[in-house]
Amino acid sequence: MKKRNYSRRQLALICFLSIAMLAAAALLNKALPPRSKPVSATPAAAAEKTASQTAVAGQASGASGELETGGVEELSDPTERIATWFQGPKTWKARAEWSGKWGDSDYDGSRFGAFGCGLCCMANIYCSLTDYRCSPADMYEYAKKVSGYGGGGAIDWGFMKNTLESAGFTCTVGNKPEKYSEFQQIIRQSQSCIVVVSSYDSTCYWKDTPGHYVTLFLYDETTDKIFLGDSGDPEHNRQWVPLKKIYRSLKTSNRRQYLAVTGYDEKADLWKHEGIGGEYVLPEGWS
């Protein structure tokens, strides 16, 4: 091949054009980035998630038990959107996630840790099924304001229902069905459920527990398990538990055994509480 000779002017022009082409390619790559591949859930998370479990946030539908995402990106693990507050002093002293100073404080002459399980359940529901936030202590004050609840002791079913309805929820209270399949249907149609359990009825899961409110979320029909919010026991809190154990443990001496939440309407929410009051510890990603 014949070797070509370039003048200095030609070499300068070639260099300039090469640099310009590289710069143009970089700008084009920035403007139109390649598509990223979705990250798969871990095998453990995938085993727990079913088609009926969706990211929990924003507006909730009324009858199906499914939740709309409200513009929040769907999570590979729906439990990350579930709030499960603690009620007592030990978790607060340990600065455990979901603990707060209310657990080591007096409210109207009584220790919150001795009676606050129902209010923790209500705060769990409000934080998990809406775009708003509150602490159990915030819920305590709101319940006193709107429901007739006097404070200083365990909150009863009627006060819970009145308070949650004032906060935009549709809910019903009821008694333990005779058949387990009927209880499954109630949970299946609910977005969340507050139940009262007692070791007097069964020791299959709770021990030394005369009566205690807990919260149920994300019923998985495949495994027949629920995601449990238990404000009184760190070993129980945020665990997948067989629904049959919940059914067996329902406190039948109480005049009601469950409160089922079937919908949320932001327009009917008279509270719309924006922040979390007091001192508390939250997991990363919550605010």
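Located above this text is the structure these notes cover.
Cut-offs applied
- Residues numbered from 1 in each chain as written.
- Predicted model: local features only at pLDDT ≥ 70, side-chain atom pairs only at ≥ 80, totals over all residues.
- Heavy atoms only, no water.
- Helix = DSSP H or I, 4+ residues; strand = E, 2+ residues; numbered from the N terminus.
- Buried < 20%, exposed > 50% of the residue type's maximum accessible area, 1.4 Å probe, protein only.
- Contact = heavy atoms within 4.5 Å.
- Salt bridge = Lys/Arg side-chain N within 4 Å of Asp/Glu carboxyl O.
- Axes fitted to C-alpha atoms, helices over the stretch in contact; angles between N-to-C directions.
- Parallel < 35°, antiparallel > 145°, perpendicular 65-115°, else oblique.
- 1 Å grid on protein atoms, 1.4 Å probe; cavity = no way out; pocket = protein on both sides within 12 Å on 5 of 7 lines; lining within 4 Å.
- Points joined across faces, edges and corners; volume = space filled by probe spheres on them.
- Nonpolar A, V, L, I, M, F, W, Y, C, P; charged D, E, K, R; others polar.
- Pairing = 2+ DSSP bridges.
- Phe/Tyr/Trp six-rings, centres within 6.5 Å; stacked < 30°, edge-to-face > 60°.

(A) Layout of the environment of tyrosine 247. Summarising the element assignment, tyrosine 247 is placed in helix α9 (residues 243-249). Given a relative accessible area of 9%, tyrosine 247 falls into the buried group. Spatially, the C-alpha atom of tyrosine 247 lies 8.7 Å from that of valine 197, the residues being 50 residues apart in sequence. Beyond its immediate chain neighbours, meaning those up to four positions away, tyrosine 247 contacts Lys176, Pro177, Glu178, Lys179, Tyr180 and Phe183.

(B) Layout of the pattern of salt bridges. If you walk through the whole model with that rule in mind, you get seven salt bridges. Notably, a salt bridge pairs aspartate 108 with lysine 144, separated by 2.8 Å at the nearest N-O pair. Of this pair, aspartate 108 sits in the loop between β1 (106-107) and β2 (110-111) while lysine 144 is found in helix α6 (residues 136-146), placing the two residues 36 residues apart along the sequence. The exposure class of lysine 144 is partly exposed, given its relative accessible area of 28%. Through salt bridges with shared partners, a single ionic network connects Asp104, Asp106 and Arg111.

(C) Quick peek at the packing of helix α5 (residues 117-129) against α6. Taken N-terminus to C-terminus, the directions of α5 and α6 make an angle of 105°; their axes are 8 Å apart at the nearest point. One way to sum up the angle between α5 and α6 is to call them roughly perpendicular. Every residue of α6 that contacts α5 at Leu119, Cys120, Met122, Ala123 and Tyr126 is listed here: Pro136, Met139, Tyr140 and Ala143.

(D) Region of the structure containing the layout of surface pockets. Taken as a whole, the largest pocket encloses approximately 340 Å³ of empty space. For the largest pocket, the lining is made up of 19 residues, of which Gln87, Gly113, Ser231, Gly232 and Asp233 are closest to its centre. For the lining of the largest pocket, the elements supplying multiple residues, two or more each, are α3 (89-93) and α4 (112-115). Residues that form the lining of the largest pocket fall into these classes: seven nonpolar, nine polar and three charged.

(E) A look at the sheet that holds strand β7 (residues 239-242). If you trace the six strands from one edge of the open sheet to the other, you get β3-β8-β4-β5-β6-β7, paired in antiparallel fashion. The outermost strands of the open sheet, each flanked by one partner alone, are β3 (167-174) and β7. Mean inter-strand twist for the sheet, computed between neighbouring axes without regard to direction, equals 35°. As paired strands, β3 and strand β8 (residues 258-269) are joined by seven bridges and run antiparallel to one another. Following the sheet pairing, alanine 167 is matched in β8 by aspartate 269. Contacts between α5 and the sheet are confined to β3, β4 (192-197), β5 (212-220) and β8, with β5 contributing the most and set at about 30° to the helix.

(F) The arrangement of the packing of aromatic side chains in detail. Evaluated as defined, the whole model comprises 21 aromatic pairs. When the ring of tyrosine 142 is compared with that of tryptophan 271, the centres are 4.3 Å apart and the planes differ by 5°; the resulting orientation is stacked. Of this pair, tyrosine 142 sits in helix α6 while tryptophan 271 sits in the segment after β8, and the two are 129 residues apart along the sequence. Of the two residues, tyrosine 142 and tryptophan 271, both sit in the buried class. In this structure an aromatic cluster arises from ring pairing among Tyr107, Phe112, Phe115, Tyr140, Tyr149 and Phe159.

(G) Expanded view of the pairing of β5. By the criterion of burial, β5 is predominantly enclosed, with nine of the nine residues buried. In this sheet, β5 lies alongside β4 in antiparallel orientation, the contact comprising six bridges. By the bridge assignment for β5, serine 192 is matched with phenylalanine 217. One ladder, built from four bridges, connects β5 with strand β6 (residues 225-229); its direction is antiparallel.

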